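Fold and geometry: a report
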Amino acid sequence: MKLHLKYKCILPSAIFLLLTYYIYSQYFAASFKHTSHRKSQKQPVAEATSYSKLSKLNKSIGSQGSDLMSIKSENNANTLKKISWYCESDAHLRELPIPTRMYNIPFHNLSLTLIAKVASTSWVAFLAQTSLSQCMVHLDKPSVGYASLHQCVKANLDTSSDNRRDNIRVVFVRDPWKRLVSVYKDKIVKQRFVQAASCYTRWNISRESNAESKNNPNLSFIQFLTCISELGRNNPNWLDPHYRPQYLMHGPCSAGYTHIGKLEDLSTDFVYIMKSAQPSISDKKLAEYKNIFFGGPRRPWEVINDGEKAKKYQQYYADVSNDLMAQLQDIYKWDVMLYGYKLHPLTPVS
C-alpha cells in the first residue's frame, strides 16, 4: 500500500518533467533550424558578390540605391562571366590580340575600344567636345564619315596599356544583323563606301550608276551579303572593319574589359558607363554629357531607330536563302554567342 502511494506521488512529477523536456527540445530544435536557414540564405549572396570583375566599382554604384545601376551591374557581370567561360573553352578566342583601337581617356577615367558602325562617330564627337577641344573644328566639317574628326581624336589619344591600369575598360557592341543593314543603308545606299569597290566589281556594277539612284541602288542587299560571305568565309579578318565581326576587333579575352555596352541599350548603358567611370559625377554634369552625346552629329538614337519603325530591319533578310544565311551565321557566330543576340535575324523577339 505504501509502495503504491509512493508511485502515485512520483508519477505526476515524471509526467511534468517529460513534458518540460519535450517543450524545450522542440524550442531548441526550431531555433537551430532557423539559425541554419539564415546562414544558408547568406551563403549564395556571398558567393555571388565574390565573383565580379567590377569589384569596387559595381559595389559603389549599387550602394547608391539606384535600381537601374544595380540591374546594369548585375547584367554586366553576367555578360563578363559568360565571355570568360567562352574564353576558357575556345583557343581561337584566347589567341585574339589586344585591340589597337582601345583608347585611353584619362579625363573620363575610361579606356574605350571603338568599333565601326557601333556609335564610333558619336563617341569621337563626344570626346572632342568634352576633353579634346583641339578637334572641335572638325565637327563643322562633315567630311566622308567625319574622317577628319576621327583622325584628330584618335591622334590625340594614347593607346599604351601602361596608361589604362586605373581606367574602366569599355567596348560597345551591336546586333550583327542590324549592323549589316546599317552598313548597307549608310555606305551602299548613300554611296559613300569606297571600300566596297570589289563588291561592285563582283557583280559588274558601276559605282557611278549606283550613285544616280540612291533610293533604289543597283547593288542589292543580298548581293552585298553574298560578297561578305565569299570574302569572309576563308578569313573574316579580310572583311572591311565596317562589317568585320566585332569580336575580331576588340579582343574579348585579352583586353580585360570591365564593362560591355550594347548599342540597343545605349541611352541607359551610357549613363551606367559614365557613373562607373566617375562614381561621384553630379546629375547636372551627367545630364550635360547626355545632351552632348545624343545631340552629336550622327545622333546615335536616330541611327538606332532609323527605318526600324516604318520598315523593320528583318525585312531586308526576308529573301536571303538558307545557304547564304548559314554562311553568314558561321562568320558572325561569336558576335551572336558572346553577347546574346539572335542566331537568325528573322527569329521572333521573345
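Look up: the structure comes first, before these words.
Okay, so let's go over this structure. Residue positions within a chain follow its written sequence, with the count starting from 1. pLDDT decides what is reported in this predicted model: residues at 70 or higher carry local features, side-chain atom pairs at 80 or more are listed and counted, and totals for whole chains, interfaces and linings draw on all residues regardless. Remark: hydrogens and water are excluded; side-chain values derive from all non-hydrogen atoms of the structure.

**Side note on the state of the cysteines**
Basically, it comes down to this: Pairs of cysteine sulfur atoms within 2.5 Å are what we label disulfides. In this text, helices come from DSSP runs of H or I with a minimum length of four residues, and strands from runs of E with a minimum of two, each type numbered from the N-terminal end.
Applying the stated rule across the entire model yields three disulfides. A sulfur-sulfur separation of 2.2 Å characterises the disulfide bridge that pairs Cys-199 with Cys-227. On the sign convention where negative means left-handed, the S-S torsion of about 90° between Cys-199 and Cys-227 marks this disulfide as right-handed. Of this pair, Cys-199 sits in helix 8 (residues 197-202) while Cys-227 sits in helix 10 (residues 221-232), and the two are 28 residues apart along the sequence.

**Quick look at the packing of helix 5 (residues 120-130) against helix 6 (residues 147-155)**
Heads up, the condition is: Only the stretch in contact is used when a helix axis is fitted, and all axes are lines through C-alpha atoms; the angle between N-to-C directions ranges over 0 to 180 degrees. For this classification, under 35 degrees means roughly parallel, over 145 means roughly antiparallel, 65 to 115 means roughly perpendicular, and everything else is oblique. Note on convention: near helix rotated counterclockwise from far helix by under a right angle means a left-handed crossing. Clockwise means right-handed. Working rule for contacts: check all heavy atoms of both residues, and any pair within 4.5 Å makes them a contact. All residues other than Ala, Val, Leu, Ile, Met, Phe, Trp, Tyr, Cys, Pro, Asp, Glu, Lys and Arg, Gly among them, are scored as polar; the first ten of these are nonpolar and the last four charged.
Taken N-terminus to C-terminus, the directions of helix 5 and helix 6 make an angle of 60°; their axes are 9 Å apart at the nearest point. Comparing the axis directions of helix 5 and helix 6 gives the class oblique. In this structure, helix 5 crosses over helix 6, and the sense of that crossing is left-handed. Of the residues in helix 6, those in contact with Ser-120, Thr-121, Val-124, Ala-125, Leu-127 and Ala-128 of helix 5 are Leu-149, His-150 and Val-153. Split by residue class, the contact of helix 5 with helix 6 holds six nonpolar, three polar and no charged.

**Side note on helix 10**
The condition is simple: Between the first and last residue of a helix there are one fewer steps than residues, each counted as 1.5 Å, and that sum is the expected span. With a 1.4 Å probe rolled over the protein chains alone, any residue whose accessible area is under 20% of its type maximum counts as buried; one over 50% counts as exposed, and the rest are partly exposed.
An ideal rise of 1.5 Å per residue puts 16 Å on 12 residues; helix 10 measures up with 16 Å between its terminal C-alpha atoms. For helix 10, the tally of buried residues reaches nine of 12 residues, placing the bulk of the element in the interior. What helix 10 keeps buried is the set Phe-221, Gln-223, Phe-224, Leu-225, Thr-226, Cys-227, Ile-228, Ser-229 and Gly-232. Elements that come into contact with the buried residues of helix 10 comprise helix 7 (176-189), helix 8 and helix 15 (322-339).

**So, the packing of helix 3 (residues 67-89) against helix 15**
Angle between the axes and distance between the axes: these two values describe a pair of packed helices. Closest axis-to-axis distance for the helix 3/helix 15 pair is 9 Å, and the angle between their directions is 135°. Viewed along their axes, helix 3 and helix 15 adopt a mutual orientation that is oblique. Residue-level inspection shows Thr-79, Lys-82, Ile-83 and Tyr-86 of helix 3 in contact with helix 15, the latter providing Trp-334, Met-337, Leu-338 and Tyr-339. Taken together, the residues that form the contact of helix 3 with helix 15 break down as six nonpolar, one polar and one charged.

**Overview of the environment of Tyr-272**
Within the element layout of this structure, Tyr-272 appears in helix 12 (residues 266-277). Given a relative accessible area of 2%, Tyr-272 falls into the buried group. As a C-alpha pair, Tyr-272 and His-259 span 13 residues in sequence and 9.2 Å in three-dimensional space.

**Let's talk about the packing of aromatic side chains**
Threshold: Note on aromatic contacts: the rings of Phe and Tyr and the six-membered ring of Trp form a pair at centre separations within 6.5 Å, being stacked when their planes are under 30 degrees apart, edge-to-face when over 60 apart, and tilted otherwise. The rule for a charge over a ring is simple: NZ of Lys or CZ of Arg within 6 Å of the ring centre, and within 35 degrees of the ring normal.
Scanning all chains against the criterion turns up 21 aromatic pairs. Geometrically, the ring pair formed by Trp-123 and Phe-172 is tilted, given 5.7 Å between the ring centres and 50° between the ring planes. A residue pair is termed long-range when its members are at least 10 positions apart, and Trp-123 in helix 5 and Phe-172 in strand 3 (residues 168-173) qualify at 49 residues. Arranged with centres 5.1 Å apart and planes meeting at 70°, the rings of Phe-293 and Phe-294 form a pair that is edge-to-face. Through a chain of ring-to-ring contacts, the aromatic side chains of Trp-177, Tyr-184, Phe-221, Phe-224, Tyr-243, Tyr-313, Tyr-316, Tyr-317 and Tyr-332 assemble into a single cluster. It is Lys-262 that lies over the ring of Tyr-341; its NZ or CZ is 4.6 Å from the centre.

**Things to note about the sheet that holds strand 1 (residues 102-105)**
Selection rule: The pairing criterion for strands is at least two bridges between them, as found by DSSP.
Across the sheet, four strands lie side by side as 1-2-3-4; this open sheet has mixed pairing. Looking at strand neighbours, the two that pair on one side only are strand 1 and strand 4 (259-262), the edges of this open sheet. Between one strand axis and the next, the sheet turns by 25° as a mean value, whatever way the strands run. As defined by bridge partners, strand 2 (residues 110-113) adjoins strand 3 across four bridges and the pair is classed as parallel. By the bridge assignment for strand 3, Ser-111 is matched with Arg-169.

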